[in-house]
Amino acid sequence: MKNLKLYLFALLASGAIMTSCDEEENLVEQRKSDNPLPVVTDPSGSNGTVTLTKYVSIGNSITAGYMDGALYTNGQAHSFANMLGTQFQISGVGGTTFNQPDINSVNGYSGIGSNNSILGRYVLDLSIPGPRPLTGEVPTAYAGNKAELNNFAVPGMRIVDINSPALAGSNPLYARFASTPGTSTVLSDALAASPTFYTYWLGNNDALGYAVGGGVNAAMITSQADFQNALASSLSQLAGTGAKGIVMTLPPLVVLPYFRAVKWNAIPLDQATADQLNTAFAGLNAALNGLAAYNLISSAEAAKRKVTYQAGPNAILMHDKDLEDLGPKFDALVGAQAITAAQRQALEPYRQSRPATSSDLPVLSAATVLGTGTAPIGLAIPIEDKYILSANEVVKTVTARATFNQTIKGVVDQINAGAGATVITLVDVQPKFADLFGLDAATVDQLALGLGTQSSIAAVKAEADGQIVNGVNIGLGIKVNGTNLAPDFSPNGVFSTDGIHPNPRGHAIIANLILSAMRTAYGVDIPDVDVLAQRGILVQ
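Residues numbered from 1 in each chain as written. Predicted model: local features only at pLDDT ≥ 70, side-chain atom pairs only at ≥ 80, totals over all residues. Heavy atoms only, no water.

### Digging into the layout of surface pockets
What counts is decided by this rule: Here the term cavity refers to a set of points on a 1 Å grid, laid over the protein atoms alone, in which a 1.4 Å probe fits but cannot get out; the term pocket refers to an open set having protein on both sides within 12 Å along at least five of seven lines, with lining residues being those that place an atom within 4 Å of a point. Grid points are joined across faces, edges and corners, and a volume is the space filled by probe spheres set on the points. Here a helix means four or more residues in a row that DSSP labels H or I, a strand means two or more in a row labelled E, and each is numbered from the N terminus.
Each pocket or cavity is described by its volume, and for the second largest pocket that value is around 960 Å³. Lining the second largest pocket are 39 residues, and of these Y66, G69, S110, Y122 and D498 lie nearest its centre. Of all the secondary-structure elements, those providing two or more residues to the lining of the second largest pocket are helix 1 (4-34), helix 5 (167-170), helix 6 (172-175) and helix 8 (205-212). The greatest single-element share of the lining of the second largest pocket, amounting to three residues, is contributed by helix 8.

### Overview of the packing of aromatic side chains
The description of an aromatic ring pair rests on the distance of the ring centres and on the angle between the ring planes. Heads up, the condition is: In this analysis, rings of Phe, Tyr and Trp, with Trp reduced to its six-membered ring, are considered paired at centre separations within 6.5 Å, and the interplanar angle assigns stacked below 30 degrees, edge-to-face beyond 60, and tilted for intermediate values. Whether a residue is buried, partly exposed or exposed follows from its accessible area with a 1.4 Å probe, protein chains only, as a fraction of its type maximum: under 20%, in between, or over 50%, in that order.
This structure, assessed with the given rule, holds 14 aromatic pairs. Arranged with centres 5.7 Å apart and planes meeting at 40 degrees, the rings of Y55 and F197 form a pair that is tilted. Placement of the pair is Y55 in strand 1 (residues 55-59) and F197 in strand 5 (residues 197-201), with a sequence separation of 142 residues. Note on accessibility: Y55 and F197 belong to one class, buried.

### A closer look at the sheet that holds strand 1
Going by this rule: DSSP calls a pair of strands paired once it identifies at least 2 bridges connecting them. In this analysis an axis means a line fitted to C-alpha atoms, helices contributing only their contacting stretch, and an angle means the value between N-to-C directions, from 0 to 180 degrees. We call two residues in contact when some of their heavy atoms are within 4.5 Å.
Strands sit in the order 1-5-6-13 across an open sheet of four strands; the sheet is parallel. Looking along the sheet, the strands with just one partner apiece sit at the ends: strand 1 and strand 13 (424-427). Across this sheet, the average inter-strand angle for adjacent strands is 15 degrees, counted without regard to direction. Here four bridges tie strand 5 to strand 6 (residues 244-248), and the two strands are oriented parallel to one another. Opposite Y200, over in strand 6, you have V247 as the bridge partner. Along the sheet face, helix 4 (residues 80-87) touches strand 1 and strand 5 and points at about 170 degrees away from the line of strand 1. Where helix 9 (residues 224-239) meets the sheet, its contacts fall on strand 1, strand 5, strand 6 and strand 13, and the angle it forms with strand 5 comes to roughly 170 degrees.

### Some details on the pairing of strand 4 (residues 130-135)
Pairing geometry for strand 3 (residues 118-125) and strand 4, over five bridges, is antiparallel. Bridge assignment links L119 to a residue of strand 4, and that residue is T135.

### Some points on the environment of M220
Examined against the element boundaries, M220 turns out to sit in the loop between helix 8 and helix 9. Spatially, the C-alpha atoms of M220 and Y210 are 5.3 Å apart, while their sequence positions differ by ten residues. Those residues in contact with M220 that sit more than four places away from it in its chain are D206, G209 and Y210.

### With respect to empty space enclosed by the protein
To be explicit about the condition: In this classification, the charged set is Asp, Glu, Lys and Arg, the nonpolar set is Ala, Val, Leu, Ile, Met, Phe, Trp, Tyr, Cys and Pro, and all remaining amino acids, among them Gly, are polar.
With the rule as written, the count across this model stands at two cavities of 30 Å³ or more. Here the largest cavity defines a volume of roughly 290 Å³. Forming the boundary of the largest cavity are 24 residues, of which W201, F433, F495, P502 and I510 lie nearest the centre. Among the secondary structure elements, those contributing two or more residues to the lining of the largest cavity are helix 2 (61-64), helix 8, helix 16 (430-436) and helix 19 (504-522). With four residues, helix 19 is the single largest residue contributor to the lining of the largest cavity. Taken together, the residues of the lining of the largest cavity sort by class into 17 nonpolar, six polar and one charged. Lining the second largest cavity, in full, are A64, L71, Q76, Q100, P101, N151, A153, P155, L173, R176 and F177.

### Digging into the nonpolar core
To keep things clear, this is the line we draw: By convention a nonpolar core is built from buried Ala, Val, Leu, Ile, Met, Phe, Trp, Tyr and Cys residues, the set being connected through side-chain atoms within 4.5 Å.
Formed by 103 residues in total, the largest nonpolar core has its most connected members in F88, F197, Y200, L235, I246, F259 and M518. The element contributing the most residues to this core is helix 19, with ten residues. With residues up to four places along the chain from it excluded, the contact list for M518 reads V50, L52, F88, F197, I246, G523 and V524.

### Things to note about unusual backbone geometry
Phi at S194 is positive, roughly 55 degrees, even though this residue is not glycine. Tracing the sequence through the fold places S194 in the loop between helix 7 (186-192) and strand 5. Notably, N481 is not glycine yet its phi reads approximately 50 degrees, a positive angle. Assignment of secondary structure puts N481 in the loop between strand 16 (478-480) and strand 17 (483-485).

### Focus on the packing of helix 9 against helix 15 (residues 391-419)
The test is simple: Two helices that cross are described as forming a left-handed crossing if the nearer one is turned anticlockwise from the farther one by less than a right angle, and a right-handed crossing if clockwise.
Packing of helix 9 against helix 15 brings their axes to within 10 Å, and their N-to-C directions diverge by 35 degrees. For helix 9 against helix 15, the interelement crossing comes out right-handed. Each of Q224, F227, Q228, L231, A232, L235, S236 and A239 in helix 9 lies in contact with helix 15, whose residues at this interface are T403, F404, T407, I408, V411, V412 and I415. Of the residues in the contact of helix 9 with helix 15, the class split is ten nonpolar, five polar and no charged.

### Some thoughts on the pattern of salt bridges
Our working rule: Just to be clear on terms, a salt bridge is a Lys or Arg side-chain nitrogen sitting within 4 Å of an Asp or Glu carboxyl oxygen.
A complete count under the given rule lists 15 salt bridges for this structure. Of the charged contacts, one joins D161 and R158 as a salt bridge, the two residues approaching to 3.0 Å between their closest N and O atoms. Taking relative accessible area as the criterion, R158 reaches 33% and is therefore assigned partly exposed. Residue D331 is joined to R344 by a salt bridge in which the shortest nitrogen-to-oxygen separation is 2.6 Å. In this pair, D331 sits in helix 13 (residues 327-335) while R344 sits in helix 14 (residues 341-346), placing the two residues 13 residues apart along the sequence.

### Considerations on helix 15
What sets the pattern is the α-helix's 3.6 residues per turn: residues three or four places apart point alike. Formally: A helix's residues, less one, multiplied by 1.5 Å, set its expected span.
Here helix 15 spans 42 Å end to end across 29 residues, near enough to the 42 Å set by a 1.5 Å rise per residue. Note on helix 15: the residue one or two positions beyond its end, G420, has a positive phi of about 70 degrees.

### Examining the sheet that holds strand 2 (residues 111-112)
Ordered by their spatial adjacency, three strands build an open sheet running 2-3-4, and the pairing between neighbours is antiparallel. One side of each edge strand has no neighbouring strand; the edge strands of this open sheet are strand 2 and strand 4. Of the strand pairs in this sheet, strand 2 and strand 3 are connected by two bridges, and their pairing is antiparallel. Paired with G111 across the two strands is L119, which belongs to strand 3.

Spatial relationships are all this shows, so hold off on functional conclusions.
Now the structure itself:
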């Protein structure tokens, strides 16, 4: 039991780590060989039909460069927004200096640890292996000229917060650069910057907070009406400036490494331990049989809740709030003298419990509690709801995101129709994510990808190249100049160690997706960001 936590951390990344470090070194050597001291010339380009003299970015944590669980200087420098701002400054393109509200912190801030210690960004610790926080710093006010800012992204911001003066009071990462905290809003500050071009990527947090929290609080999902009102209002005002803009859809949240690193059957047991546990759970299983015998629950319901262990991997024992609370029915067994009061007390932790299935998604933080305690969590007693998304909660997350994406498309179409021209270009990120995660057509349907039309769904499926050959998904990852980058936070992955936000390579892929859309929409001639020249995760 004492090694369970170690095993679970190893489960997160060990398989990728042991091969990817070598792959990283090989990649460097290959690039040296393939690129022998070229003659360096200053790149040039053109801006096509879009004016890029004042680029403004609006978004949440990804746009801000939040990665590895914190907002820190190096992460900000590698945001896709900053990468775009840099490309726009190439000769002939017309862009100017892209200013961000620099955090001026090497490790940033991710929370409070034991003994009130300040935690910063996470690194991949190969001795675990798994993410480990460094010592952080409390954010301070932005000391630069707020009137010259270009990046107005705020980690944690929902779409309904974009025009709320109260945001500065609840989110210090906006308060530190708000023009007038308590009065100004992100939208008003962005409009005051007089953008000639903008990118807008908001809406992830309007469903992500619910999912990251294990689906405990459904109120954390923004209502469709509030989402639409905030989106329509903010985009209408931005379009009213005459600036052209890029609006991005929301990716399939439940495929992120945060929801995939810890497996639903993450409990390894030997036969002796399995036998011991099966003896201990004989009472629960007998009580469930008793409820079925008295027709208090169905036989299928009893079978779903029974706990049986075996040698090898085993399902996590979880709390599921959507299950019927069997407490009163356990009491009925006492009344029928089928069990004793002491036996009834022993059943208390299992009123709404069941073994997880492949449709349930433990969150990354579950690895810190699984197997801990005198009665190991997730094994002897159910893991709390906040550590695992049940199948029903997965459906709620998928449905909310799909609804938001259709709303985004509808609002953009409506504004463009009213303008009689394409003033906003919609960039759908879903096909790229389908490619990255090697999703097959059936999974595309299951995750409700696409924008509600047959053509958009077909576009996602065309990009989803996940094919199972001899039990292996050969479509997993994304090819960049012949190199496969993984959809995880391994050294060769595109995500940072928090399992949600991209690392610099992931940001470069996003930047290039936007540049590709700009070539089509505006005829720009701007070179892509070199994805493989960007760093992956930071390893210690």
